[in-house]
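A structural walkthrough
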Amino acid sequence: MDDKKVIIVEGLSDKTHLQKIINEDIDIICTHGTFGIEKFEEMLETYDLDNREVYIFVDADDSGVKLRKQLTAELPAAQQMYIPDECIEVELTPKHILAAELMKHYIKVIPSYFSNKKG
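Quick caveat: nothing in here was measured; it's all calculated off a predicted structure.

**As for the overall build of the protein chain**
Looking only at helices and strands, the protein chain has 4 helices and 4 strands in total. Along the protein chain, from the amino end to the carboxyl end, the secondary structure elements read β-α-β-α-β-α-β-α. For the protein chain, whose C-alpha radius of gyration is 14 Å, the value lies close to the compact-globule estimate of 14 Å for 119 residues. When the backbone C-alpha atoms are referred to their principal axes, the protein chain occupies close to 40 × 35 × 20 Å. Taking contacts inside the protein chain between residues at least 6 apart in sequence as the whole, the part at least 24 apart equals 59%.

**Some points on the pairing of strand E2 (residues 27-30)**
In E2, alternate side chains face the same way, and those of Asp-27 and Ile-29 on one face and Ile-28 and Cys-30 on the other are all buried. Here strand E1 (residues 6-9) pairs with E2 via 4 bridges, running parallel. Across the sheet, the residue bridging to Val-9 is Cys-30, located in E2. Each parallel crossover has a hand, and for E1 linked through helix H1 (residues 12-19) to E2 it is right-handed.

**Quick word on the sheet that holds strand E3 (residues 54-57)**
Picture the strands of a sheet paired through backbone hydrogen bonds; they go either parallel or antiparallel. Pairing within the open sheet is parallel, and its 4 strands lie in the order E2-E1-E3-E4. Looking along the sheet, the strands with just one partner apiece sit at the ends: E2 and strand E4 (79-81). Here the strands of the sheet are splayed against their neighbours by 25° on average, with no regard to which way each runs. The sheet contact formed by E3 and E4 spans 3 bridges and is parallel. Bridging across to E4, Ile-56 finds its partner in Gln-80.

**Describing the state of the cysteines**
Within this structure, the stated rule accounts for 0 disulfides. In this structure Cys-87 is a free cysteine whose sulfur lies 19 Å from that of Cys-30, the closest cysteine sulfur available. Residue class for Cys-87 comes out buried when judged on its relative accessible area of 16%.

**Some remarks on H1**
For H1, the full list of buried residues reads Asp-14, His-17 and Leu-18. Projection of H1 onto a plane perpendicular to its axis shows the buried side chains occupying an angular sector of 95°, all on one side. Those residues of H1 that are buried are in contact with E1, E2, E3 and helix H4 (95-104).

**Description of the pattern of salt bridges**
Charged atoms that come close allow side chains of opposite charge to pair. This model, assessed by the stated rule, comprises 5 salt bridges. A salt bridge links Asp-27 to Lys-4; the nearest nitrogen and oxygen atoms lie 3.1 Å apart. A residue pair is termed long-range when its members are at least 10 positions apart, and Asp-27 in strand E2 and Lys-4 in the segment before E1 qualify at 23 residues. A salt bridge links Asp-27 to Arg-52, with the shortest nitrogen-to-oxygen separation between them at 2.6 Å. Placement of the pair is Asp-27 in strand E2 and Arg-52 in the loop between helix H2 (37-47) and E3, with a sequence separation of 25 residues.

**As for the environment of His-32**
One can find His-32 in the loop between E2 and H2. Take His-32: its relative accessible area is 54%, and that puts it in the exposed class. Residues His-32 and Asp-3, 29 residues apart in the sequence, show an inter-C-alpha distance of 24 Å. Other than its neighbours up to four places away in sequence, His-32 contacts Glu-10 and Lys-39.

Analysis parameters
Residues numbered from 1 in each chain as written. Predicted model: local features only at pLDDT ≥ 70, side-chain atom pairs only at ≥ 80, totals over all residues. Heavy atoms only, no water. Helix = DSSP H or I, 4+ residues; strand = E, 2+ residues; numbered from the N terminus. Rg over C-alpha atoms; globule rule 2.2 N^0.38 Å. Contact = heavy atoms within 4.5 Å. Buried < 20%, exposed > 50% of the residue type's maximum accessible area, 1.4 Å probe, protein only. Pairing = 2+ DSSP bridges. Right-handed = clockwise from strand over helix to strand, strands pointing away. Axes fitted to C-alpha atoms, helices over the stretch in contact; angles between N-to-C directions. Disulfide = S-S within 2.5 Å. Arc of directions from axis to C-beta. Salt bridge = Lys/Arg side-chain N within 4 Å of Asp/Glu carboxyl O.

And the structure:
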């Protein structure tokens, strides 16, 4: 069984943005903004989500809120990660803000993102 953490995001841009900050081996899954039972079943099986530490990290817009509710209903043990409402999208959130949120959940980040100099 894989014991790597899993972060579920909406899009590839979110995934790419997070990969630049994270300093550990984590699976980042993109939903591509959609969520259906068939897609969820595939994710559940492919990534063994019932037996791994799962985090939900989606946008603060209406579609992100809707996706978070759907994912949380299916994965009630998943931990929630949030961006400030004013940032709206994960991919547009400054890296130092994302780094702080990741660190709250004990996810290792590249030290240079502890300050806002790398934006």
